[in-house]
Amino acid sequence: MHYRELDTPALFVDLDILGRNLDTMARYCEKHTLGLRPHTKTHKMLEVARMQLAHGAIGLTVAKVGEAEVMSASGATEILIAYPVFGEKKSERLARLAGERKILVSIDSEVTARGLSKVLSHQGVSLGVLVEVDVGVGRCGLPPGPKAVALAREIDRLPGLEFRGLMTFFGNVWGSLEEREKALGEVTSQLEQACEAFRREKIPLEIVSGGSTPSAPLTHGVKDLTEIRPGTYVFNDMNTYHQGSCRLDDCAARVVATVVSTAVPGQVILDAGSKTLTSDPLGAGPATGHGLVVEAPHSQLFKLNEEHGYLRLSPEDPAFKVGDTVTVIPNHVCPCVNLHDEVFTVRNEEVVGSWQVAARGKVR
Ligand SMILES: Cc1ncc(COP(=O)(O)O)c(C=O)c1O
């Protein structure tokens, strides 16, 4: 069956593009002896996680305990929860998981460390811990310097916890190549300061984990980094495209939608609204809109209701009639995938199967 014959709206993944994206990142990491611990928040699918492991990933990254529970079935030897896990209920689930496989968490406070230690030591299991340092995002993470060192010392004093290194996110490395290179320069110097503080105290850092998709091709210049955690690179989206960090041909995940109304002159309505595409605006580049309609690149998907996508037609693009299908590349693919129960797999435009989005909605 051709992908246009799918019941719409439907999210599909082009397996050849996915394979290429996995290959490119694996080769880059191999060439620069960087560990690859991909963030699975983008795809949330066991099948893709297994492909990443087959492409040399040293482990996986997740944001939530629920995602780690799902990804545990992937066979990954070690899963990093790159998010401060706080609270007794979550700690108990973490303790159960840590009894089955190697788990790492990143934290930035003593109160979180003590909460985890209390539950884990009571259950007789232990956990690797990374201290999160902030190199410019301003989200979580301690500043490079003595506070991060003090937290590492406290972690090592607490039963059930083992300090293993640092975690940081390069989310501020964003924009054109020039902007990304400039931001990465600042990130590199911040991270160097963070690592230097540990060297001065003779505290070894087994892991220094950083990265993101827009920064990925530039990270070999970042001193001290042992691994990167790109997520979006598997599928790419209009955000990575508008930063010039991928081509349109590298966008593997697309939504096929049907024109359901042409009643208003100059526009058509697609059956893909915010419940299919998310209403995430473009975070990069001068362009606007809610995704690229591949068959009408000059037209603009200017507005979304829950189930309606408003496409303002450009005279440069073909006219559409009710029943026509179009293909949309989403602005931000990670939350888009999270809206779908299943994703269809496509090769040479033919549907060859489907995958469950097993970790969708696992927000706890
Ligand atoms: C902590 C952390 N690591 C890695 C990533 C992956 O970044 P990207 O999706 O740009 O590859 C994210 C994305 O939000 C993140 O929050």
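What you see is a predicted model; the values in this text were computed from it and never measured. (Residues numbered from 1 in each chain as written. Predicted model: local features only at pLDDT ≥ 70, side-chain atom pairs only at ≥ 80, totals over all residues. Heavy atoms only, no water.)

A. The domain arrangement of the protein chain, seen in detail. Each domain of the protein chain was delimited in the assignment, giving domain 1 (3-10 + 244-356) and domain 2 (16-235). For domain 1 and domain 2, the distance between their C-alpha centres works out to 32 Å. Each side of the interface is counted separately: domain 1 has 20 residues, and domain 2 has 20 residues. With both sides pooled, the region where domain 1 packs onto domain 2 buries about 1,600 Å², and carbon together with sulfur makes up 59% of that total. Three residues stand out in domain 1 for area buried against domain 2, namely Ala252, Cys334 and Trp355, and they jointly supply 33% of the buried area on that side. Here domain 1 is connected to domain 2 by two salt bridges. Mapped by element, the contributors of at least two residues to the side of domain 1 that touches domain 2 are β10 (253-261), α10 (333-337), β16 (342-347) and β17 (350-356). When residues in the side of domain 1 that touches domain 2 are grouped by element, the largest group, three residues, is from α10. Grouping the constituent residues of the side of domain 1 that touches domain 2 by class yields nine nonpolar, six polar and five charged. (Domains from an automatic or database assignment. Contact = heavy atoms within 4.5 Å. Buried area = accessible area lost by both parts, 1.4 Å probe. Salt bridge = Lys/Arg side-chain N within 4 Å of Asp/Glu carboxyl O. Helix = DSSP H or I, 4+ residues; strand = E, 2+ residues; numbered from the N terminus. Nonpolar A, V, L, I, M, F, W, Y, C, P; charged D, E, K, R; others polar.)

B. Highlighting the environment of His332. Positionally, His332 belongs in the loop between β15 (325-329) and α10. Sequence-wise, His332 and Gly221 are 111 residues apart; in three dimensions their C-alpha atoms are separated by 27 Å. Within polar-contact distance, the side chain of His332 engages the side chain of Asp280 at 2.7 Å. (Polar contact = N/O pair within 3.5 Å; in protein donor to acceptor, adjacent residues only side chain to side chain.)

C. Structural view of the site of the ligand. As a structural note, the neighbourhood of the ligand is formed by His39, Lys41, Arg139, Phe169, Ser212, Thr213, Pro214, Arg229, Pro230, Gly231 and Thr232. Here an oxygen atom of the ligand sits 2.6 Å away from a polar atom, N or O, in the side chain of Thr213. One of the side-chain nitrogen or oxygen atoms of Thr232 is found 2.6 Å away from an oxygen atom of the ligand. Protein chains bury 88% of the 390 Å² of accessible surface belonging to the ligand in isolation. Taken together, the residues that form the shell around the ligand break down as three nonpolar, five polar and three charged. (Near = heavy atom within 4 Å. Areas by Shrake-Rupley, 256 points an atom, 1.4 Å probe, with all protein chains shown as cover.)

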